[in-house]
Amino acid sequence: MQSTARKTSLSRERILRSAIRLADKHGAESLSMRKIASALKVEAMSLYNHVASKDELLDGIVDLVASEFDVPSINGDWKHAMRLRANSAHTVLLKHPWASMLMLSRVNAGPAMLTYVNATIGCLRNAGFSYAMADHAWNAVDNHIFGFTLQKLNFPFDPAEYAAVAKEYLPMIPEDEYPYLRGMAIQVIEGKHHGIQDFEFGLDLILDGLERLLAS
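Residues numbered from 1 in each chain as written. Predicted model: local features only at pLDDT ≥ 70, side-chain atom pairs only at ≥ 80, totals over all residues. Heavy atoms only, no water.

**Re the pattern of salt bridges**
Then comes step 1: By the definition in use, this model includes 11 salt bridges.
Then comes step 2: The salt bridge involving Asp208 is made with Lys79; its shortest N-O contact spans 2.8 Å. Residue Asp208 is located in helix α12 (residues 199-215), and its partner Lys79 is located in helix α6 (residues 78-95); the two are separated by 129 residues in the primary sequence.
Then comes step 3: Overlapping salt bridges, with partners in common, bring together Asp55, Asp59 and Arg106 in one network. (Salt bridge = Lys/Arg side-chain N within 4 Å of Asp/Glu carboxyl O. Helix = DSSP H or I, 4+ residues; strand = E, 2+ residues; numbered from the N terminus.)

Written out as structure tokens, the structure reads:
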């Protein structure tokens, strides 16, 4: 009776959410139908009634992550909307460390992603950007989001270690060959510069540049 209830309650969304929980813990490369079925306490074959293949599963979890992004308002202050969009995506992608590479390496055509992209283009078009410039603008912002996120997720040192690491590597940076790099390292060692990169700094440069372009 209990087994029947479990089978009855099995759904595509339950499968995808279980897959996301496993990916958050162990990475997307560790996903398999067998592991997801085990987590749900069902037979692996029963998953195929709801998700036809591993590719469909990956497409599904990518779209569920995209559904967590703030969808930009099509009308109103475009810079504010794009800023909220960027910060939301960055936060969500840090929460799901495996998602950035999947989004960059797959064709994402789920309803959440299509809604998100359509609203992004609409926001920029209604601000006065041409379709071509809206495409450039959207991709410039997304390059910053994904690049910064991947760097943050994969950087080999924790920010608390920067000063110690700079001190350790200082002998490898002779002043006569690399004076400016050495000067930067000394600033970090002495606590005059924390060395931590700022997501908002790059975002400001992009949005302010787009605003000047739009005005011209």
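**Here we look at the packing of aromatic side chains**
Then comes step 1: In this structure the tally under the stated criterion is five aromatic pairs.
Then comes step 2: A centroid spacing of 5.4 Å and a plane angle of 75° characterise the contact between Phe148 and Phe199, whose relative ring orientation is edge-to-face. In this pair, Phe148 is assigned in helix α9 (residues 131-154) and Phe199 in helix α12, connecting sequence segments 51 residues apart. Considered together, Phe148 and Phe199 belong to a single accessibility category, that of buried residues. (Phe/Tyr/Trp six-rings, centres within 6.5 Å; stacked < 30°, edge-to-face > 60°. Buried < 20%, exposed > 50% of the residue type's maximum accessible area, 1.4 Å probe, protein only.)

**Remarks on unusual backbone geometry**
Then comes step 1: Despite not being glycine, Lys41 shows a phi value in the positive range, around 60°.
Then comes step 2: With respect to the helices, strands and loops of the structure, Lys41 is situated in the loop between α3 (33-40) and α4 (44-47).
Then comes step 3: Residue Lys41 is classed as exposed on the basis of its relative accessible area, which comes to 58%.

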